[in-house]
Amino acid sequence: MAIKNENDNRFYYSNRNLWAGILFGIGIVAFLDETIFHQLLRWHHFYDKSTTDIGLISDGFFHAFSWFATIGGLFIYADLRRRNGLWITKWWGGVLIGAGGFQLYDGIIQHKLMRIHQIRYVENVIIYDLIWNVLAVVMIVIGLSLIKSNKQQAKEVSDEPQ
Amino acid sequence: MNLNNYILHIDGAYFFTQEQLIPQILLALPFVLTLVMYILAVIVSNRRHKRWPLYRTVCWIFGVLFAIISVAGPLANRALVDFTAHMFGHLFLGMLAPLLMALAAPMTLMLRTLTVPIARRLSKMLRSRLSRMLTNPIIASVLNIGGLWLLYTTSLYSLMHDYFLLHLIVHVHVFLAGYLFTISMFYIDPMPHRVPFLYRAIVLCVALTGHGILSKYIYAHPPNHVTINQAELGGMVMYYGGDIIDIVIIFILCLQWFRATRPRTRLAIFSNCFISY
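A brief structural summary. (Residues numbered from 1 in each chain as written. Chains lettered and ligands numbered in written order. Predicted model: local features only at pLDDT ≥ 70, side-chain atom pairs only at ≥ 80, totals over all residues. Heavy atoms only, no water.)

Our next topic: the overall build of chain A. In terms of regular secondary structure, chain A is built from four helices and zero strands. The helix and strand sequence of chain A, counted from the amino end, reads α-α-α-α. Long-range pairs, those at least 24 residues apart, make up 83% of the contacts in chain A between residues at least 6 apart in sequence. About 9,100 Å² of surface is accessible on chain A, with carbon and sulfur atoms providing 65% of the total. (Helix = DSSP H or I, 4+ residues; strand = E, 2+ residues; numbered from the N terminus. Contact = heavy atoms within 4.5 Å. Areas by Shrake-Rupley, 256 points an atom, 1.4 Å probe, with all protein chains shown as cover.)

Shown next as structure tokens:
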């Protein structure tokens, strides 16, 4: 009887690794946003009087969903571990895509289009916006490249003669 | 009555006027009764069956205490004139007390303690169509969150302070709807009408969204007779206080998912039958 390696089932659970990462990424970036920018720095406002109705709804939905995503994402991580299906680089790829994706949505659609609040109430807010969104894109690019190298790895493994 | 309370508030002392005392006693009495009944049931049950877990009794005691301090005593008096205090009271009555009381598994305790014929009748009631309807996550969420929208976006909030009966109905509703909402999201007690995890997760997310949006709406649009400062503070109490309790509900729901979807061996299937949450 062959001895099973740790994380032997990771190719079987490939997509679940990605989704667990994306959920946790969305959740953690929303959590950091709330903690750092709302509570500690107090740059973001709780409610900006220029908020559109759709902005209020979008913000409410993402706030609720991000709580769920953080906790649920970590439970799925634990589930992958007990199934020997954890694929850590794929998971990190997911985390960066989720985090970058949400930050980009927050930075462009929620801050700029729906005007839920600005990053900081100063004159040259455009600089803050640029840094915010460029960081988001960088996270997405790194995340995508991690997943891509994983795909090649999975292909090589499945091509190997049994 | 409002004006009257204001004078008392300015004096810095909270006297019980007769108008305040009666609704407070009426609202607090059922909770005191359930506490006595629960403890009696634990004593009876411990004699006949294996010991009832201590943490459940502790949960029930604290649940009842939070419910009582939100409907009677200094916080309830203050809530009549101070919107922030009102919001703390509602967090206790509509979210924290139901959560703690749901964790105390009162239905399980009742089924253990009652005689078999009465317990059968109770379990038949739990299986009824009405119970299916009320414990459905969507209906429970509409009763809970929809009720709050009705309270804070219409004149119901100011009417509640003028009419004694309305005050009673609103507070009873807030508690019962909060309890139904909690037990529709995670299953501690026997629940004949179960729905899948994903279903509950989605409904919970939407309900929390409704709660969060309402908090921000209150922040920007104070209910009648509430000052802007109080509405801003109250809205934030509702938003962040709600978040803290929501985390616990989400955590228990996910934990139940985690346990239910464990990779199965024969032993796991067997022992899973006995997991309460």
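That was the structure; now back to the text.
What follows covers empty space enclosed by the protein. With the rule as written, the count across this model stands at five cavities of 30 Å³ or more. As a volume, the largest cavity reaches approximately 190 Å³. What lines the largest cavity is a set of 19 residues, among which H90, G94, M95, L148 and H211 of chain B lie closest to the centre. With five residues, the single largest contributor to the lining of the largest cavity is helix α5 (residues 83–103) of chain B. Considering only residue class, the lining of the largest cavity consists of twelve nonpolar, six polar and one charged. As for the second largest cavity, its lining consists of 15 residues, of which D33, E34, H38, D59 and H63 of chain A are closest to the centre. When residues of the lining of the second largest cavity are traced back to their parent elements, those giving at least two are α1 (14–40), α2 (53–82) and α3 (88–113) of chain A. In terms of residue class, the lining of the second largest cavity is built from five nonpolar, five polar and five charged. (1 Å grid on protein atoms, 1.4 Å probe; cavity = no way out; pocket = protein on both sides within 12 Å on 5 of 7 lines; lining within 4 Å. Points joined across faces, edges and corners; volume = space filled by probe spheres on them. Nonpolar A, V, L, I, M, F, W, Y, C, P; charged D, E, K, R; others polar.)

The values are spatial; any link to function lies outside them.
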